[in-house]
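Read off the chains here:
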Amino acid sequence: MTSRAVNPGARVLVVGGGYSGERFARAAAARGAQVWLTHRRNKPEQPTDPDAAALHWLHFDAETQAIPPLPEQLSHVLITLPPDATGSDAALEHLLGPLRHQPLRWLGYLSTTGVYGDSQGAWVDEHSPTQPTLPRSQARLQCEQHWLSSGLPVQSFRLPAIYGPGRCPFEQLRSGQARLVHKPSQVFCRIHVDDIVGALLHATDQPEGRRPAVINVSDDAPCPSSETLGYAAHLLGCKLPAVQRFEAIAPQMSSMALSFWADNRRVRNHLLCTELGYQLRYPSYREGFAASLAEEQATNAKQP
């Protein structure tokens, strides 16, 4: 552990207390850090477990101009907010100025591997050109560049599809809503939420000379979505739906659904896992799906 690490003396702000943000906040709090998260609800739901009870919530909603004063002496900040529909970053607009007056040692920004655009299935790494094809990826790249040029100690973490407990296709399979779609040569990359958290904490543990500005956080197993759906069905012991050819159903798909099939790329994690020495907890969806299902089942067993 270095002086930069998220440790018992750290004071951490997570801007965007959603799926990944809250998971990171809980891990930081478990290390003994003081942690604040922002939320858009007037009154966040009361936590139901001791870990969540240790978190402090701040109401931050740019649309209603609910801009909270920041805690003092912040050492670490994580920005998880995506750009809004207009491409604006509420954290940049409202919090960048106040953050410049904080003694920050690290600021993490969650970006997307969508900034690489469509490589037609070829591998990309942090040195690949950024040629985003989707408007939301173009907006994310602009926000990422603003953060990286802010003068703060920023690292950007480019993420593919995020999965984990509650974010796997188990419920769709159980309800009969899952779709088995085949598009020749199409692959997707993904990352378990706990490996996002692990990579972020690993980054904060590094000395200043080992803190690259941009890091891809992806697992070792790019593959078709049909492969992951098949494994999820295997874990549940249920049948797969009938296969559908992408070109046959594309005319009936929404523009948002089509956008998920627009880019085809494989994302290298060599920088994170080899040069920086992070060991993935879930190198592929196989380990990650099994762990996610076990956690979902354990959570359901605790509920009355």
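What counts as what
- Residues numbered from 1 in each chain as written.
- Predicted model: local features only at pLDDT ≥ 70, side-chain atom pairs only at ≥ 80, totals over all residues.
- Heavy atoms only, no water.
- Helix = DSSP H or I, 4+ residues; strand = E, 2+ residues; numbered from the N terminus.
- Rg over C-alpha atoms; globule rule 2.2 N^0.38 Å.
- Buried < 20%, exposed > 50% of the residue type's maximum accessible area, 1.4 Å probe, protein only.
- Contact = heavy atoms within 4.5 Å.
- 1 Å grid on protein atoms, 1.4 Å probe; cavity = no way out; pocket = protein on both sides within 12 Å on 5 of 7 lines; lining within 4 Å.
- Points joined across faces, edges and corners; volume = space filled by probe spheres on them.
- Nonpolar A, V, L, I, M, F, W, Y, C, P; charged D, E, K, R; others polar.
- Salt bridge = Lys/Arg side-chain N within 4 Å of Asp/Glu carboxyl O.
- Core = buried A, V, L, I, M, F, W, Y, C linked by side-chain atoms within 4.5 Å.
- Pairing = 2+ DSSP bridges.
- Right-handed = clockwise from strand over helix to strand, strands pointing away.
- Expected span 1.5 Å × (residues − 1).
- Axes fitted to C-alpha atoms, helices over the stretch in contact; angles between N-to-C directions.

### Comments concerning the overall build of the chain
Part 1 of the reasoning: For the chain, the count of helices and strands is eleven helices and 13 strands.
Part 2 of the reasoning: What you see for the chain is a C-alpha radius of gyration of 20 Å, in line with the 19 Å of a compact globule of 304 residues.
Part 3 of the reasoning: Burial statistics for the chain: of 304 residues in total, 51% are counted as buried.
Part 4 of the reasoning: Counting contacts in the chain only where the partners sit at least 6 residues apart, residues at least 24 apart contribute 80% of the total.

### Thoughts on empty space enclosed by the protein
Part 1 of the reasoning: If you walk through the whole model with that rule in mind, you get one cavity of 30 Å³ or more.
Part 2 of the reasoning: Of the volumes computed, that of the largest cavity is approximately 50 Å³.
Part 3 of the reasoning: Taken together, Val181, His182, Lys183, Gln186, Phe188, Pro224, Ser225, Ser226 and Trp261 form the lining of the largest cavity.
Part 4 of the reasoning: Its residues assigned to classes, the lining of the largest cavity shows four nonpolar, four polar and one charged.

### A short note on the pattern of salt bridges
Note that side chains of opposite charge can pair when their charged atoms are close.
Part 1 of the reasoning: If you walk through the whole model with that rule in mind, you get twelve salt bridges.
Part 2 of the reasoning: Notably, a salt bridge pairs Glu247 with Arg245, separated by 2.8 Å at the nearest N-O pair.
Part 3 of the reasoning: For Glu247, a relative accessible area of 48% translates into the label partly exposed.
Part 4 of the reasoning: With its nearest N and O atoms 3.1 Å apart, the salt bridge here joins Arg265 to Asp263. Of the two residues, Arg265 and Asp263, both sit in the buried class.
Part 5 of the reasoning: Here the salt bridges do not stand alone but share partners, grouping Arg23, Asp194, Arg281 and Glu295 into one network.

### Considering the nonpolar core
Part 1 of the reasoning: Judged by nonpolar contacts, the single largest core of 31 residues is most densely connected at Val12, Val14, Phe24, Val35, Phe157, Leu200 and Val217.
Part 2 of the reasoning: Each residue touching Phe24, except ones within four places of it in the same chain, is listed here: Val12, Val14, Leu78, Trp106, Val197, Leu200 and Leu201.
Part 3 of the reasoning: One finds Val15, Trp36, Ala91 and Leu92 within the second-largest nonpolar core, a separate group that totals 21 residues.

### Side note on the pairing of strand 4 (residues 76-79)
Looking along a regular strand, one sees side chains alternate from face to face of the sheet.
Part 1 of the reasoning: Of the two faces of strand 4, the one holding His76 and Leu78 and the one holding Val77 and Ile79 are both buried throughout.
Part 2 of the reasoning: Looking at chain direction, strand 1 (residues 11-15) and strand 4 are connected through four bridges and run parallel. For Leu13, the partnering residue across the bridge sits in strand 4 and is Val77.
Part 3 of the reasoning: In the classification by handedness, the crossover that spans strand 4, the intervening helix 3 (residues 90-99) and the parallel strand 5 (residues 106-112) is right-handed.

### What to know about helix 6 (residues 193-204)
Part 1 of the reasoning: Over its twelve residues, helix 6 extends 17 Å from the first C-alpha to the last, a length consistent with the 16 Å expected when each residue adds 1.5 Å.
Part 2 of the reasoning: Within helix 6, twelve of the twelve residues are buried, leaving the element largely enclosed by the surrounding structure.

### Describing the sheet that holds strand 11 (residues 214-216)
Part 1 of the reasoning: Here we have seven strands laid out as an open sheet, ordered 3-2-1-4-5-7-11, and parallel in their pairing. The open sheet has two free edges, formed respectively by strand 3 (56-59) and strand 11, since each of these has just one partner strand. Sheet twist, expressed as the average angle between the axes of neighbouring strands with direction ignored, equals 20°.
Part 2 of the reasoning: As judged from the four bridges shared by strand 4 and strand 5, these two strands associate in the parallel manner. Paired with His76 across the strands is Trp106, a residue of strand 5.
Part 3 of the reasoning: Of the strands in this sheet, strand 4, strand 5, strand 7 (154-159) and strand 11 are in contact with helix 4 (residues 135-148), which crosses strand 5 at around 165°.

Spatial relationships are all this shows, so hold off on functional conclusions.
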